[in-house]
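Summary of the model geometry
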Amino acid sequence: MTFKNLFIHPETRILRPGWRIPWLILWVLPLVVAISGLVTLARRHVPSPWLPAARALLGLALILGALAIYRWFIHRVEHRVPLEAQVDPNTPWHVGLGFLLGGGAMLLITAILALAGAYRIEGFHSPWLLLRAAIFYLPQSFSEDFFFCLILFRPLREGIGRRPALVVAPLLFALAHMGNPNESVLGIAEIVTSGMVMYYAFDRTDRFWTIWALHFSWNFTMNGVLGMANSGLALQGWIRPTITGPAWLTGEATGPEASALAVGLDLLLLLLLLSRMSAQRLRGPLPGQEAA
């Protein structure tokens, strides 16, 4: 093997998957640093009434900028059309699938908690909190999914194979959450299983919109709508609930992610995806099958 072949695959003449990960990070890093700096400046200098609008604009800039860099990277480095990040007539279907898997699952968990007497609605806060939650969770979920799915999982899948990647990526996703406040063993286990659901959904659809909608709707519904903690983060939500019961059922301060209900539902969703979803029906052409 020549020195050049350590970096470039001799048959495809494309940068090897392992080298694409740090190279793409270097492409995106200046944008992330710039947006982070602007967020810090906004907190210090933008008047409070205008701060949500500033955060929304900066979040939108992060999303659009990262997607633009990613598409340019795929064209220049992988020499193909970035189908996984394309908007097409099927995009609403993929977004809807993500919302069904994420938000729908959280509503089901909450319904079970309510039937068990562990979740009771005491009142409602301002509906403007829904907008605040959306402004927070759209870029937050995008950032995590962009890194762990597009930058990490997709090259891993190509380099080490689908099955190993579907195990390694969720484990790395969970390790990144180890520092969350009030995180628990059951909470980390749920992040692993939810990561398997997300990356398997991406593997089946090959569309980033599915996994992003799933992740966003899960967090937004849990915290922004239902008022429950999200991985230990207890932002005020639209609903003001009272939550009582054992930790294994409610997750306590960590939130319902750290409950046996969430882990069990993740496993059921994974089995559903494994048994019911047809790759031929859900997937477009695999990356690399269409030339740029």
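So, helix 1 (residues 17-45)
An ideal rise of 1.5 Å per residue puts 42 Å on 29 residues; helix 1 measures up with 42 Å between its terminal C-alpha atoms. If you follow the buried residues of helix 1, they end up packed against helix 2 (51-78) and helix 4 (128-160).

Observations regarding empty space enclosed by the protein
All chains considered together, the criterion is met by one cavity of 30 Å³ or more. The calculated volume of the largest cavity comes to roughly 30 Å³. Considering the residues around the largest cavity, the lining is formed by L129, R132, A133, Y137, N223, G224, L235 and Q236. Elements that contribute at least two residues to the lining of the largest cavity include exactly helix 4 and helix 7 (208-225). The greatest single-element share of the lining of the largest cavity, amounting to four residues, is contributed by helix 4. Class assignment for the residues of the lining of the largest cavity results in four nonpolar, three polar and one charged.

Here we look at the environment of P22
Considering the arrangement of structural elements, one finds P22 in helix 1. According to the relative accessible area criterion, P22 is partly exposed, its value standing at 37%.

Comments concerning the packing of helix 2 against helix 4
Put simply, helix 2 and helix 4 touch, their axes get as near as 9 Å, and they point 15 degrees apart. Comparing the axis directions of helix 2 and helix 4 gives the class roughly parallel. Like other packed secondary-structure pairs, helix 2 and helix 4 cross with a definite hand, here left-handed. Residues P52, R55, A56, G59, L62, I63, A66, L67, Y70, I74 and E78 of helix 2 touch helix 4, and the partners they reach there are I135, L138, P139, F142, S143, F146, L150 and R154.

Parameters at a glance
- Residues numbered from 1 in each chain as written.
- Predicted model: local features only at pLDDT ≥ 70, side-chain atom pairs only at ≥ 80, totals over all residues.
- Heavy atoms only, no water.
- Helix = DSSP H or I, 4+ residues; strand = E, 2+ residues; numbered from the N terminus.
- Expected span 1.5 Å × (residues − 1).
- Contact = heavy atoms within 4.5 Å.
- 1 Å grid on protein atoms, 1.4 Å probe; cavity = no way out; pocket = protein on both sides within 12 Å on 5 of 7 lines; lining within 4 Å.
- Points joined across faces, edges and corners; volume = space filled by probe spheres on them.
- Nonpolar A, V, L, I, M, F, W, Y, C, P; charged D, E, K, R; others polar.
- Buried < 20%, exposed > 50% of the residue type's maximum accessible area, 1.4 Å probe, protein only.
- Axes fitted to C-alpha atoms, helices over the stretch in contact; angles between N-to-C directions.
- Parallel < 35°, antiparallel > 145°, perpendicular 65-115°, else oblique.
- Left-handed = near helix turned anticlockwise from the far one by under 90°.

Nothing here speaks to function; it is geometry throughout.
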